[in-house]
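Structure at a glance
Here is what each chain is made of, one letter per residue.
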Amino acid sequence: MVNEMFKETQLWGLTSLARLVIQNASNWESSWFIIVVSAGAQEYYVEYLLPADKSPWKGAYVKGEAASLEEAKKYLLIAMRESQGWVGNQELARLLQGI
């Protein structure tokens, strides 16, 4: 799904315990911005790290549940915008217009 949506933007992913951790840099020690978990055929969890200026404490994050792959795609785009990990990314901006 991620590769189908993003043709220009490189997203870096790590897998751990059935989770996909999405980063904006090719370094496993970089901060994570988004975590996606598939908990079944139609159940997805999307988490994103709050930016420091919006976070009530260090490491605070938002977590939501999507009931379909289409909803998970929407949540992923929103998480990328809200985490501020891809500020200024034109491809993300175009994709967000479609939701």
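Residues numbered from 1 in each chain as written. Predicted model: local features only at pLDDT ≥ 70, side-chain atom pairs only at ≥ 80, totals over all residues. Heavy atoms only, no water.

**Remarks on the pairing of strand 3 (residues 34–40)**
Regular strands place their side chains on alternate faces of the sheet. Sheet topology places strand 2 (residues 19–23) next to strand 3; 4 bridges connect them, and they run antiparallel. Across the sheet, Arg19 pairs through a bridge with Val37, a residue of strand 3. Note: strand 3 against strand 4 (residues 43–49), 6 bridges, orientation antiparallel. Of the residues in strand 4, the one forming a bridge with Ile35 is Glu47. As consecutive antiparallel partners, strand 3 and strand 4 are separated by 2 residues. (Pairing = 2+ DSSP bridges. Helix = DSSP H or I, 4+ residues; strand = E, 2+ residues; numbered from the N terminus.)

**Quick notes on unusual backbone geometry**
Working note: non-glycine residues mostly have negative phi, and peptide bonds are mostly trans. Of note in the backbone geometry, Ala18 takes a positive phi value of approximately 65 degrees without being a glycine. By the secondary structure assignment, Ala18 is in the loop between strand 1 (12–16) and strand 2. Even without being glycine, Gln84 reaches a positive phi, approximately 65 degrees. Among the secondary structure elements, Gln84 is positioned in the loop between helix 2 (69–83) and helix 3 (90–97). Among the residues examined, Gln84 registers a relative accessible area of 35% and is labelled partly exposed. (Buried < 20%, exposed > 50% of the residue type's maximum accessible area, 1.4 Å probe, protein only.)

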